[in-house]
Amino acid sequence: MTRGTALVRRPGDRLAEGLVTHIERTDVDVARARRQHEAYRAALAGAGWRVREVDPADQCPDAVFVEDTVVVCDDLAVLTRPGAPERRPEVPGTEKAVREAGLEVVRIEAPGTLDGGDVLQIGTTVHVGRGGRTNDAGIAQLAAHLATRGRTVVPVPLRDVLHLKSAVTALPDGTLLALPDLLDTTVLRQPLRAVDEEAGCHVVPLGDDLVLMAASAPRTAALVSGLGFTPVVVDIDEYEKLEGCVTCLSVLIPHA
Ligand SMILES: CN(C)C(=N)NCCC[C@H](N)C(=O)O
């Protein structure tokens, strides 16, 4: 049984030069990061996803964080215009992959900026973080594109955090796991549970009751398990040194 296609992009040799904005830079062990990426790909495959590699963009240290380059909604791929200009050359490789997956392609245009890490889709509601990477023009363009698929966009102001999904993601039943101090929770449209581990608010529903989580959030994994879900745990600490998390390393395209 295949759930769909999971796009990933292998880390390049320059990974350790990736951007760091809200945390202190520490050394990244690239060889270890490659092993962790291999295990991450295996976890996706083990959960029933067909893993497809996006062409490398090795001149861009952050290219492994492929989530930031596209928002997939049903049969539509919205190519982003990343808020960090040095990440924009990552987009053409993603465009090739989503075209090959048969998706309709539109894009965020200047002056809009939008990173996929700011976009949290839950049912027909799409929460979009407004912060350092995503601006109002980007949010307005995304809202217009996703309206064609019956989605409603809710902007969420962020505080001192890279992306919306650095601070909140959702379990398969729509319950939000969040670090409430990092965003304006009053605008969120789903029930919220505060977590006490930074990586605890990063989950990726993989289908059925499976929930991809980082090994750095053991207490939250126990919580998630107690709620009746099955955590699929991966160690991604080399990516966490670059403000990455489990969501950023893939783009899931159901049924593709
Ligand atoms: C949800 N998150 C956090 C993401 N989708 N992306 C992380 C990108 C990290 C990269 N060093 C950067 O600063 O762009």
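Since the model is a prediction, treat every value here as computed from it, not as a measurement.

1. What to know about the pairing of strand E14 (residues 230-234)
Working step 1: The sheet contact formed by strand E13 (residues 210-214) and E14 spans five bridges and is parallel. Bridging across to E14, valine 211 finds its partner in proline 231.

2. Brief notes about the UniProt feature "active site" (unreviewed entry) in the protein
Working step 1: Mapped onto the present numbering, the UniProt feature "active site" (unreviewed entry) falls at His163 and Cys248. Their sequence span is 86 residues, while the largest C-alpha to C-alpha distance among them is just 10.1 Å; these annotated residues converge on one region.
Working step 2: Its place among the elements puts histidine 163 in the loop between strand E8 (152-157) and helix H4 (164-167).
Working step 3: Overall, the relative accessible area of 5% leaves histidine 163 in the buried class.
Working step 4: Those residues in contact with histidine 163 that sit more than four places away from it in its chain are Asp68, Asp115, Gly117, Asp118, Arg133 and Leu158.

3. A few points about the sheet that holds E8
Working step 1: Spatial strand order, E6-E7-E8: three strands in an open sheet with mixed pairing. With partners counted over all chains shown, the strands left at the sheet margins are strand E6 (119-122) and E8, one partner each. Pairs of neighbouring strands in the sheet enclose a mean axial angle of 25°, with direction left out of account.
Working step 2: Bridge count for E6 against strand E7 (residues 125-130) is four bridges, and the pairing is antiparallel. Bridging from a neighbouring strand, leucine 120 pairs with histidine 127 of E7.
Working step 3: Of the strands in this sheet, E6, E7 and E8 touch helix H3 (residues 136-147), which is tilted by about 165° from E7.

Definitions and limits used
- Residues numbered from 1 in each chain as written.
- Predicted model: local features only at pLDDT ≥ 70, side-chain atom pairs only at ≥ 80, totals over all residues.
- Heavy atoms only, no water.
- Pairing = 2+ DSSP bridges.
- Helix = DSSP H or I, 4+ residues; strand = E, 2+ residues; numbered from the N terminus.
- UniProt positions renumbered as here; feature names shortened; annotations may be inferred.
- Buried < 20%, exposed > 50% of the residue type's maximum accessible area, 1.4 Å probe, protein only.
- Contact = heavy atoms within 4.5 Å.
- Axes fitted to C-alpha atoms, helices over the stretch in contact; angles between N-to-C directions.

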